[in-house]
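# A look at the structure
Listed below, chain by chain, are the residues.
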Amino acid sequence: MIPCATMRLQLHKDFTFANAEALIPYLVDLGISHVYSSPILTARAGSIHGYDVVDPTAVNPELGGEHALRDFVARLRAAGLGLIVDIVPNHMAVGGADNPWWTDLLCHGRSSRYADFFDVDWDTDDPDLCGKVLAPFLGRPYGDALDAGEIRLNLDPSGTPTIRYFESDFPIDPTDHAYILASGPNAFNPDDYDGRSKLHELLERQHYRLAWWASAGDEINWRRFFDINGLAGLRIEEPAVFEATHATLFRLYSDGLIDGFRVDHVDGLSDPPGYCRRLRRRLDDLAPSRHAYLVIEKILGAGESLPTDWGVDGTSGYDFMNDVSAVQHDSSSATTLGLLWHRLTQRPADFADEEQPARLEILQRGFDAQLNAVTRALHRIARSDRRTRDTSAASIRRSLLALLSSFPVYRGYNAGSKRSPGDDAGFAKALTGAKATSPVASHIVLDQLDRWLGGEPGDKVAATRFQQLSAPVAAKAVEDTAFYRYGRLLSRNDVGFDAARLGGSVADFHRACANRLAAFPAAMLATATHDHKRGEDLRARLAVISEIPDDWADFVAKCRTLNAVRPDPADEIMLYQMIVGAWPLLLDTSDRSGCKAFAERLAAWQQKALREAKLRTDWTAPNEAYETKARNFLFNLFSPSERFLPLARSFVDRIAPAGAVNGLAQALLKMTVPGMPDFFQGTEFWDFSLVDPDNRRPVDYGVRREALAANAEVADCQVNWRNGKIKQLLIRKVLDFRRKLPDLVQQGDYIPLLVEGALEHRMIGFLRVRGRSALIVVVPRLVHRLLQPEDRLTLDPDQLRDSSLLLPEQLRDNQLHPLLFGDKSLTAQRRLPLQSLFSDFPMAILYSVASV
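This structure is a prediction, so every number in the text was calculated from the model and none was measured.

Moving on, we come to the pairing of strand 24 (residues 815–818). Burial along strand 24 is one-sided: Leu816 and Pro818 are buried, while Gln815 and His817, pointing the other way, are not. In this structure, strand 24 lies alongside strand 25 (residues 826–827), joined through two bridges in antiparallel fashion. Residue pairing for strand 25: Gln815 is matched across the bridge by Thr827. Note: strand 24 against strand 27 (residues 844–848), two bridges, orientation antiparallel. Bridge pairing links His817 to Tyr847 in strand 27.

This is the structure in C-alpha cells:
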C-alpha cells in the first residue's frame, strides 16, 4: 500500500524498537501512517545509523532483535500503522572480525564461499595482490607497524591463531595453523628481528595484504562505499548474493511485518535498474496481493529524470527538496550574491568553476586505484582492435579524468548496451566539457571513449567500472567537497541540490509537480533527512537573504570590522550564514549557557566543514593550528563582551519571520502536491539542525506530545510562532485531511492556478481535484516584503490589494471551506481576492467536498 505520510526514525542502541513503540500514540495523533526506519539488520556494535551492516541474516540485537521488532510491529498494526525499512544492498562493514563473511574471505581467499560476494578484483595487474585482498586497516605504513610490534600473532580463547592489530583480529589460513603450532607462538614475536621476519613471512602467505590506510586510494583492489576503507562493496547482481543479503528482509516482508523499503545508494550497484526490477519481482512473488512501497535514494542531476521502468514508486525525495528550495529563492540575486562572495573570498562566483577542480582533485586523491582499473579495462579494448591499438593507457587515463570532471549526473546505466536517450544527453554534456578542457589531439581518444562507454554496444565490464566510478566521484566531489567551498548562499548547497541555480520560478515548480504526478505519483517527498547539510527551516530562513542581498552585504561588512584575527574569508562568511540561519528562535543573547551550547554545536559543524572542504585542513591530515584559529574566532564571536551577538540577533530578527513562513510553506507544499510526504524525526517543530551528527540528536518527544495534546487554536500558535507549535499544528490538520481523502491527494489532478496582479510571480497556487472533491492551496514566496511589520506571521493587506487568484470554471459557486481557520466559507468565483484568502494566515488551504 502507499503510505499516507511517513516519519523517519533513527534507530540505535539508545533508541530501540521499544523506544519507538512508545511513540505510536503520538504518531497516530499527528497523522503519520507509517514509521520509516533506519536500517534494522545487525550493524557494527555501537552504530548510530545502521548503514554499516555486518550480518544481514539477523535483526540488530542492539535494537532489541527480531522479538522486539515483532512486538513493535504488532503495536503498529493495532494502531493502524505500518513500517517502511531502509535497506543497504551496496556494501557491508569490514575491517574487523565482526563480519563473518568478510572474515571467511580473508581466511580462505578465492576458495571462500564468499569470494564472489564482495566486489574484489582478484586478477589485478599488481603481482603482489594477484589472488589477494588489500587490507588497508593499519594506522601507519606496514613496515613501521610491524617494527613497532603493533602487529602480533595471537591465540584466541579456543586456541586458534589470528593476527592481532590493536583491537582488530585478522584470520590466518587454516593450512598455516599446524606450522604455527609446531613453531610455537613465540617464534613469531615481533619484538626481535627473527620473530618479525618469521611473522612477515607468515603474513605474506595469507590471502590478504595488510597495508597502511592511506595507500588504499592508490592500490585497493576492491570497491568501497565512496572512499571509506571500512565499507566494502557487494556484488548484489549475483543471484546468490542478492538472496543471501535479502533473505531476512524477504522473510519479514512475507510475514507481513514490513510494508516497503527505501533502497540506500542505489547508484553504487553495478546494475541499478536490474536490481530494482529483481527486487520488485521478488516482493510481488512473496505477497501477490500486496504492493510493496519501494523508493530509492537517487540523486538526479539538472534536467535528469528517473526512468519509469525500474519498478519503483519513485525517489526518496531529494529532488523535491531541491525544487521547493529553489522556488523560495530569488533567482534575480544570483549575480549580486555571487559577485559579493567572489569579492570577499576570491573563490569562484559560479559553482561550476568550483565543482570541476573538486572532481579532478577527488579523482586523484581518493579514487586512483578505481581510475586505473577503468583505464586498464578500456586499454584492453583498445589493444584488441588494430584500428585503436595505438591508443595508450596514459591517453585513456587523461581523457577519463577530463570526462569525469565534467560529468553532469551521477552515472549512466545498462552497461554494455547502447546508451538510452537520457543517458546519452548526460554523456554528451560530459564529452563537450571534456573536449573544452583537453588538447585537440585528445579528442580522438574522447570520441573512442564515447563509443566504448555506450555510444554503441560494447564491453560490459569496462562500462560498469566507469559507471561505478562516476557515482562516488560525484558524491565526494560535489556534496562532500565543493558544497563546503562554495558559499554564495548555503541554503542551496544540500544533498541532491543544483547549487549552480540559486532560484527557480513558479512555472518550474508546477512543471516538476505535474511530471511527478504523471510518472511517480507516490514518490517520497522529503525536506529533511539523516544526510542533510542543513535543517529544513534553516534553509528556509537563509533563503530570505536572496531577497535582500544588499542588506546581507552590509551585515557582513559590519561583522568583518569586529575582529582583527579571522579565519580565511570563505570560512568566515560561511560561519556568519550558519549563525544567522541556525540561531534558535527562543535564544536570547543574554542567555550565557544557551549561547555557549549553540556555539559548541557550530564548532562541531565548523570542524567538519573545514575538513570536508580540504583546503586548509582535512580528515586525513588535520591542520590543528588552523582549526584552533577558526574555533577561537567562533567562540570570540559569542563572548558576552563582543558586539557581534546583538548585531547577529538583530539580523536574525529581520529574516526570521519570512523564514518561518517559508518553513510553513514548504511543509504545506510537501503535504499537498503529488507525492508522499516524509517527516524526519523531530521536524514537526522548527528544524534548525546542522550537518550530522547534529541532525541526529535525541528528539524531545515529551514536549511534542504535550503540544499536540493541548490542541491549541491556530491563532494562539500563530502569536507564539517562535516555539514551533504552529508548524506541528499545520502538519496535524493537513495530514488529517490527507487521511480522510487519500484518493484526492494521492491521485487527484494537479492544476496550477494563476494569480492576477502585482503578485503574479509571488504566489504558488494549485488545485487538486478528483471527482467531487477539490483542494486549493496558495502559498506566498519571496515574502520578506509582504509581511506586516509586527512580529506576527501575517501578510500586509495593502500588498495583497490588487491581486486575485483565478479559479477554473468547474469550481464556480462551490462552497470553499478553510482547513485551518474557523468555519467561514467562501463561494468560489472566477476571481478570489488575495485579501480574502490571507486575512488570518500567510497561506490558504480551502477544500470543497461532500463530507470530511
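On to the environment of Gly230. Among the secondary structure elements, Gly230 is positioned in strand 13 (residues 228–233). For Gly230, a relative accessible area of 21% corresponds to the partly exposed category. Considered as a pair, Gly230 and Phe137 are 93 residues apart in the sequence and their alpha carbons are 8.1 Å apart.

Read across the sheet, three strands follow the order 20-23-26 without closing on themselves; strand pairing throughout is antiparallel. Bordering the open sheet on either side are strand 20 (755–756) and strand 26 (831–833), each of which pairs with just one other strand. Pairing between strand 20 and strand 23 (residues 804–806): two bridges, direction antiparallel. If you follow Glu756 over to strand 23, its bridge partner there is Ser804.

Moving on, we come to the nonpolar core. In terms of nonpolar packing, the biggest core is built from 262 residues, with Phe118, Ile163, Trp552 and Phe638 touching the most fellow members. Among all residues touching Ile163, those that are not within four sequence positions of it are Ile151, Arg152, Leu153, Ser168, Asp169, Phe170, Ile172, Leu199, Leu202, Leu203, Tyr208 and Leu210.

Between its terminal C-alpha atoms helix 15 (residues 393–404) stretches 16 Å, which fits the 16 Å expected from twelve residues at 1.5 Å a residue. Looking at the buried residues of helix 15, the elements they touch are helix 13 (352–366), helix 14 (368–383), helix 16 (421–436), helix 17 (443–455) and helix 18 (460–479).

A few words now on the packing of aromatic side chains. One pass over the full model with this rule turns up 34 aromatic pairs. Aromatic side chains Phe225 and Phe226 sit 4.1 Å apart centroid to centroid with 20 degrees between the ring planes, which places their arrangement in the stacked category. Assigned by exposure class, Phe225 and Phe226 land together as buried. One aromatic cluster is present, built from ring pairs that chain together Trp552, Phe555, Tyr576, Phe633, Phe644 and Phe651. Stacked on the ring of Phe242, the Lys or Arg Arg278 has its end atom at 5.1 Å from the ring centre. The ring of Phe688 has Arg541 lying over it, and the distance from NZ or CZ to the ring centre is 4.3 Å.

Another point: the packing of helix 26 (residues 701–710) against helix 28 (residues 725–740). Running from N to C, helix 26 and helix 28 cross one another at 60 degrees; their axes reach a closest spacing of 10 Å. Judged by the twist between their axes, the crossing of helix 26 over helix 28 is right-handed. For the pair helix 26 and helix 28, contact is made by Arg704, Ala707 and Leu708 and by Lys725, Gln728 and Arg732, respectively. Residue composition of the contact of helix 26 with helix 28, grouped by class: two nonpolar, one polar and three charged.

For the structure shown, the criterion picks out ten cavities of 30 Å³ or more. Put simply, the largest cavity is a space of about 140 Å³. Mapped onto the lining of the largest cavity, the elements with two or more residues apiece are strand 4 (53–59), strand 5 (82–87), strand 6 (91–93) and helix 9 (239–254). Partitioning the lining of the largest cavity into residue classes produces twelve nonpolar, three polar and one charged. Its volume calculated, the second largest cavity comes out at about 110 Å³. Elements with a minimum of two residues in the lining of the second largest cavity: helix 16 and helix 18.

This part covers unusual backbone geometry. In this model, Asp692 is joined to Pro693 through a cis peptide bond whose omega is 10 degrees. The residue Pro693 is located in the loop between strand 18 (676–680) and helix 26 in this model. For Gln346, which is not glycine, the phi dihedral falls at a positive 65 degrees. Structurally, the position occupied by Gln346 is in the loop between helix 12 (334–345) and helix 13. Judged by its relative accessible area of 58%, Gln346 falls in the exposed class. Of note in this structure, Asn414 is not a glycine but carries a positive phi near 55 degrees. If you trace the backbone, Asn414 turns up in the loop between helix 15 and helix 16.

Let us look at the pattern of salt bridges. Under the definition given, this model contains 70 salt bridges. Across the salt bridge formed by Asp119 and Arg223, the nearest N and O atoms sit 2.9 Å from each other. With Asp119 in the loop between helix 4 (100–108) and strand 7 (133–138) and Arg223 in the loop between helix 8 (216–219) and strand 12 (224–225), the pair connects residues that are 104 residues apart, well separated along the chain. By relative accessible area, Arg223 is classed as buried at 7%. A salt bridge links Lys596 to Glu600, with the nearest nitrogen and oxygen atoms 3.5 Å apart. Of this pair, Lys596 and Glu600 both sit in helix 23 (residues 592–613), separated by four residues, roughly a single helical turn. Using a relative accessible area of 33% as the deciding quantity, one classes Glu600 as partly exposed. Beyond isolated ion pairs, a larger network of salt bridges with shared partners links Arg8, Asp86, Arg262, Asp264 and Glu297.

Calculation rules
Residues numbered from 1 in each chain as written. Predicted model: local features only at pLDDT ≥ 70, side-chain atom pairs only at ≥ 80, totals over all residues. Heavy atoms only, no water. Buried < 20%, exposed > 50% of the residue type's maximum accessible area, 1.4 Å probe, protein only. Helix = DSSP H or I, 4+ residues; strand = E, 2+ residues; numbered from the N terminus. Pairing = 2+ DSSP bridges. Core = buried A, V, L, I, M, F, W, Y, C linked by side-chain atoms within 4.5 Å. Contact = heavy atoms within 4.5 Å. Expected span 1.5 Å × (residues − 1). Phe/Tyr/Trp six-rings, centres within 6.5 Å; stacked < 30°, edge-to-face > 60°. Lys NZ or Arg CZ within 6 Å of the ring centre and 35° of its normal. Axes fitted to C-alpha atoms, helices over the stretch in contact; angles between N-to-C directions. Left-handed = near helix turned anticlockwise from the far one by under 90°. Nonpolar A, V, L, I, M, F, W, Y, C, P; charged D, E, K, R; others polar. 1 Å grid on protein atoms, 1.4 Å probe; cavity = no way out; pocket = protein on both sides within 12 Å on 5 of 7 lines; lining within 4 Å. Points joined across faces, edges and corners; volume = space filled by probe spheres on them. Salt bridge = Lys/Arg side-chain N within 4 Å of Asp/Glu carboxyl O.

Read these as layout, nothing more, since geometry by itself doesn't imply function.
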